[in-house]
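Each chain is listed here by its residues.
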Amino acid sequence: MRLVFRPAIFLAATFALPAVALAQTNFINFEGKQTRPVCLSPDGTRLFAVNTPDARLSVFDVSNPSNPVLISEIPVGIEPGSVNALNNDEVWVVNEVSDSISIVSVSRGLVTDTLQVKDEPADVVFAGGKAFVSAARKNQIAVFDATTHALLTNIAVFGENPRALAVGPAGTNVYAAFALSGNRTTLIPASNPNVPDQPPVTNTNLPPPPNKVGLIVDATDPNWAADIPYTMPDNDVVEIGVNSLAVTRYYSRVGTVNLGLAVRPGTGDLFVANSDAMNLTKFEPVVRGRFYTNRLTRIAVATGTMTYTNLEPVISTNLPNLTAKSNALAQPTSIVFDPSGSHLWLAAFGTDRIAKVDPNGTVLARIEVGSPAAAGAGADPRNKRGPRGLALHAAANRLYVLNRLANSLTVVDTTANSVVRELPVGSFDPTPAVIRQGRGFLYDAKLSGAGVVSCASCHIDSEMDMIAWNLGNPGGNIDNMVAKISGTQITTNFPFHPMKGPMVTQTLRGLNGVDPLHWRGDRTNFLQFNGAFDGLLGGTTLPAADMQAYRDFINTVKFQPNPSQNLDRSLPTNFAGGNPVQGRFTFTNEFYQPALLLSCNTCHLVPNGTDRGITPAAALQESQSFKVPHLRNIYQKLNFNRTPGAQTVGGFGFIHDGTFSTIFEFLSQPVFANFANDTIRKQNLAAFVQCFDTGTAPAVGYTLTLTSNNVSLATNVADWTTLEGQAAVSNIDLIVKGSVNGRLTGLFYQPVATNYLSDKTGLGPFTRAQLQSLILAGDTLSIMGVPPGTGRRMGIDRDSNGTLDGDEPPPRLQITQAAPDALLSWTTNDYGFVLEVTDSLTPPLWSTVTSERGVVSSNVVVTNSLANSFRYFRLRRPW
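Quick summary incoming for the structure in this document. These numbers come from a predicted model, not from an experiment.

A closer look at the packing of aromatic side chains
Then comes step 1: Going through the model one piece at a time under the given rule, you end up with 21 aromatic pairs.
Then comes step 2: Where Y292 meets W469, the ring centres are 5.6 Å apart and the plane angle is 50°; that geometry is what we call tilted. In this pair, Y292 is assigned in strand β22 (residues 292-299) and W469 in strand β32 (residues 468-469), connecting sequence segments 177 residues apart. Grouping residues by exposure puts Y292 and W469 together as buried.
Then comes step 3: An aromatic cluster is defined as three or more aromatic residues linked by ring pairs; in this entry it consists of F441, F526, F529, F533 and Y550.
Then comes step 4: A cation over a ring is seen here: K384 above F349, with NZ or CZ 6.0 Å from the ring centre.

Considering the nonpolar core
Then comes step 1: Core analysis: the largest hydrophobic core is formed by 53 residues, its most contacted members being F291, Y292, L442, F526, F533 and Y550.
Then comes step 2: For this core, the elements supplying multiple residues, two or more each, are β20 (257-263), α5 (440-443), β32, β35 (503-504) and α7 (544-554).
Then comes step 3: By residue number, the principal contributor to this core is α7, which donates 5 residues.
Then comes step 4: In this view, F533 contacts F441, L447, C455, G538, G539, T540, T541, L542, M547 and Y550; residues no more than four positions away in its chain are not counted.
Then comes step 5: Of all hydrophobic cores here, the second largest spans 34 residues; its members include L704, Y749, Y756 and M794.

Section: the pairing of strand β4 (residues 56-61)
Then comes step 1: Burial of β4 is extensive: 6 of the 6 residues sit out of reach of the surface.
Then comes step 2: Along β4, one buried face is formed by R56, S58 and F60 and the opposite face, lined by L57, V59 and D61, is buried too.
Then comes step 3: Alignment of strand β3 (residues 46-51) against β4, held across 6 bridges, turns out to be antiparallel. Note on β4: the bridge partner recorded for F48 is V59.
Then comes step 4: What sits between β3 and β4 in their antiparallel hairpin is a turn of 4 residues, with A55 showing a positive phi close to 55°.

Description of unusual backbone geometry
Then comes step 1: Residues V606 and P607 are joined by a peptide bond in cis, for which omega reads 20°.
Then comes step 2: As for its position among the elements, P607 is in the loop between α9 (600-603) and β38 (614-615).
Then comes step 3: With omega at 5°, the peptide bond leading from G764 into P765 counts as cis.
Then comes step 4: Here P765 shows up in the loop between β43 (755-758) and α14 (768-776).
Then comes step 5: Positive phi values are uncommon outside glycine, yet D234 reaches one of about 55°.
Then comes step 6: Assignment of secondary structure puts D234 in the loop between β17 (215-218) and β18 (235-241).
Then comes step 7: Its identity is not glycine, yet S800 carries a phi of approximately 55°, on the positive side.
Then comes step 8: Its location among the elements puts S800 in the loop between α15 (791-795) and β45 (814-819).
Then comes step 9: On the accessibility criterion, S800 (28% relative accessible area) is partly exposed.

What to know about the packing of helix α8 (residues 580-589) against helix α12 (residues 679-690)
Then comes step 1: Interhelical geometry of α8 versus α12 gives an angle of 100° and a closest axis separation of 7 Å. Relative to α12, the element α8 lies roughly perpendicular. The residues of α12 that touch α8, namely those facing P580, Q582, G583, R584, T586 and F587, are R681, N684, L685, A687, F688 and V689.
Then comes step 2: Taken together, the residues of the contact of α8 with α12 break down into 6 nonpolar, 4 polar and 2 charged.

A closer look at the pairing of β18
Then comes step 1: Judged by how many residues are buried, β18 sits mostly within the fold: 7 of 7 residues are covered.
Then comes step 2: Pairing analysis gives 5 bridges linking strand β15 (residues 173-178) to β18, with the strands arranged antiparallel. Counted as the bridge partner of N173 is G241 from β18.
Then comes step 3: Here β18 runs beside strand β19 (residues 247-252); their pairing, made up of 5 bridges, is antiparallel. In the strand pairing of β19, I240 is matched with V247.
Then comes step 4: Between β18 and β19, which pair antiparallel in sequence order, lie 5 residues; one of them, L245, sits at a positive phi of approximately 55°.

Let's talk about the sheet that holds β19
Across a sheet, paired strands are connected by hydrogen bonds in the backbone, their directions being either parallel or antiparallel.
Then comes step 1: Strand order in the open sheet made by the 4 strands is β14-β15-β18-β19, with antiparallel pairing throughout. Edge positions in the sheet fall to β14 (162-167) and β19, since each of these pairs with one other strand and no more. When strand polarity is set aside, the average angle formed by the axes of neighbouring strands in this sheet is 25°.

Thoughts on the pattern of salt bridges
Then comes step 1: The final tally for this structure, using the stated rule, is 39 salt bridges.
Then comes step 2: The residue R249 makes a salt bridge to E239 at a minimum N-O spacing of 3.1 Å. You can see R249 sitting in strand β19 and its partner E239 sitting in strand β18, a full 10 residues away along the chain.
Then comes step 3: With a relative accessible area of 32%, R249 lands in the partly exposed category.

Points about the sheet that holds β4
Then comes step 1: With antiparallel pairing, 4 strands are arranged side by side in an open sheet as β2-β3-β4-β5. One side of each edge strand has no neighbouring strand; the edge strands of this open sheet are β2 (38-40) and β5 (69-75). Taken pair by pair, the neighbouring strands of this sheet meet at an average axis angle of 20°, ignoring direction.

Section: the side chain of E590
Then comes step 1: As for its position among the elements, E590 is in the loop between α8 and β36 (591-593).
Then comes step 2: Polar contacts involving the side chain of E590 include one to the side chain of T586, which spans 2.9 Å.
Then comes step 3: Side chain to side chain, E590 and R681 meet in a polar contact 2.7 Å long.
Then comes step 4: Once you skip the residues sitting within four places of it in the chain, E590 turns out to touch F585, L598, S599, F675 and R681.

What counts and what doesn't
- Residues numbered from 1 in each chain as written.
- Predicted model: local features only at pLDDT ≥ 70, side-chain atom pairs only at ≥ 80, totals over all residues.
- Heavy atoms only, no water.
- Phe/Tyr/Trp six-rings, centres within 6.5 Å; stacked < 30°, edge-to-face > 60°.
- Helix = DSSP H or I, 4+ residues; strand = E, 2+ residues; numbered from the N terminus.
- Buried < 20%, exposed > 50% of the residue type's maximum accessible area, 1.4 Å probe, protein only.
- Lys NZ or Arg CZ within 6 Å of the ring centre and 35° of its normal.
- Core = buried A, V, L, I, M, F, W, Y, C linked by side-chain atoms within 4.5 Å.
- Contact = heavy atoms within 4.5 Å.
- Pairing = 2+ DSSP bridges.
- Axes fitted to C-alpha atoms, helices over the stretch in contact; angles between N-to-C directions.
- Parallel < 35°, antiparallel > 145°, perpendicular 65-115°, else oblique.
- Nonpolar A, V, L, I, M, F, W, Y, C, P; charged D, E, K, R; others polar.
- Salt bridge = Lys/Arg side-chain N within 4 Å of Asp/Glu carboxyl O.
- Polar contact = N/O pair within 3.5 Å; in protein donor to acceptor, adjacent residues only side chain to side chain.

In structure tokens, the structure reads:
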């Protein structure tokens, strides 16, 4: 199809492509975490931004720095969260769910190589000819040769969840910030006879509180030295030698949640955007409205000296505090320095603000990037932006802000400290309305009394802060709930005392269908958390429609694949000292109390690991009744080591208060009778639970980028076969992206027909053998598993409108600058088209302005050397 336009009609025109409503089955929400979602090319002419929900890298022309022009959108892995440019053409994209790095050629418009990095890679930087990648969930830094892409080593680091990376000024050191480092707090278990009873309640109508609860303490508290046989270094930032590829030092006591990291030009000092937990303070009424402190920490690299800046205004106990809301910089997530080192820019994710801050921590300016309704003390969670990444074009006095929740790009004038414009990150966003309408209620700190905390202060990116809190309420009331007792059909009334003791933060993933909620099951469903907006956040409860929108969003958030399973979703036979296959048999078929016919599967019912019931206190040998917790993210809680003499990363482990450091230790309790002294069964059970299925197949996100050099390798042939087999049993859909006969193409695997449907009518379908032949002839293709139900959208029909991507008509042409006989600048907000001009349609004699394939050109000067005059323009695909 060809479109013909007169330039006068579209002179200086602008437009935005409308979002298309999608059924939720087309989109799976992994709520991916962004770390470095936007960056500039080394020459400053291109801006690279991840389109996280659409699994693409967006490329903008910033020749006019105030008006980024989208010139290319390149498919990458699932949930891209960071991007960094090796040079002007090669860009590395970090894909969290795919556990991969997509190496992108901007000029070719496709991925040229995919590197596997387990688990949950977060960021990438370059130094000394090497690429350093933070493998957040594995607590490792993977190092690759930046030229050959060979894996050089994996560096184990002693801290929780390394994400943000930075390179020292001399290029000899790389730094990583531990996002979930904790704050040196740990638990004295309830079984310890030295733990004092809970204080008396202030509500005289309450019965005495359960006194058999643990105690949260600082691990270095001398009063508890005899009861804490391990040490907690509380590492927050690690320094790695670029040449030695070894850890050279750690910096501790920086903050609890460390999401932003930058090196100050000139001095080399490190600056960390963080929040610090107040979990040593007991009880909900005491911490109401302020349980995390938002900070900027400066680290003098040479000495390790810490300087802390509280980013919060003065907060009174009278809430709501409108002045505080108008100035709060909640949940800082990203930092970028001016090249002079005289100031930095900081993104406040929770309050939709950008701050200009000097090196001493003085806030010089605050810039609102949220909706008009969210200016000052206002809150607009349904339209929250969520600034997450920053890229500074210092020479042009422009700051580019990537907004995670709105999936938009804000351009800031750094001279006037004002917003220039906001534009979409990509030409299409598949995020369903149910997510857009409810997501902001999790992250919006302006829903709190002082604007400094939100639900996401503890539930970082819908997950966990890896610590425990005692949010009891001495003046609260008994909650009564009628629920099924675990493993039976008996219903009973459970009274839940408001003085509940320490509880570790639970993930918000996978809540759909596992009500009741909380460790004790004291919330019938998610709607009953509404009271926390008042009682804990210090704001006001939400209107029913808003709370329903919040719940609907939360119910979309899914778990990522368990990295310990095999690619075909089977269990390994040797893992962590046990046999998960044998462990599964014991879990489901063998009784730990034969007389009562109790197996693990009686309560921890497969597939979620919970029967949603509540186990009575007496059966647990506890002072309170507890809901049977699910088991799908046990593998994320393995970094507490309370062995005498050990050093430990975390201070909390398994069960409600984090008492146990291993599953083996937990299974050694007397309640497990036949298993308690059976080492083999405990090892096998522990191995199985660590491999427990999350509901998302391991092949989801797995990617092979195939070229003539590697398509015939036995491992790649085997993995391709496995991916097709996983599609055949509906564990995944299978898509292909890359070039077919030089044309940028998407493909969707049809298991019944065993062929690949293309994104253009008349092209294909192709058999696997045909694709292999095309690759051997010079094409490059990336084969990727995607969640079931999403393959057609992600592979061949991006906007799910029924028209294949290759059959879509060219987009509208924008003439952004023109003269009577010269076209100076144009764009299409799409890629893969060439511009042609003619002076007459009878007959048309089209002249090509540019013939670049895969990337639209702009700022192309066309003069009357092509024709005496040109009145008509068209966009045409070059194939």
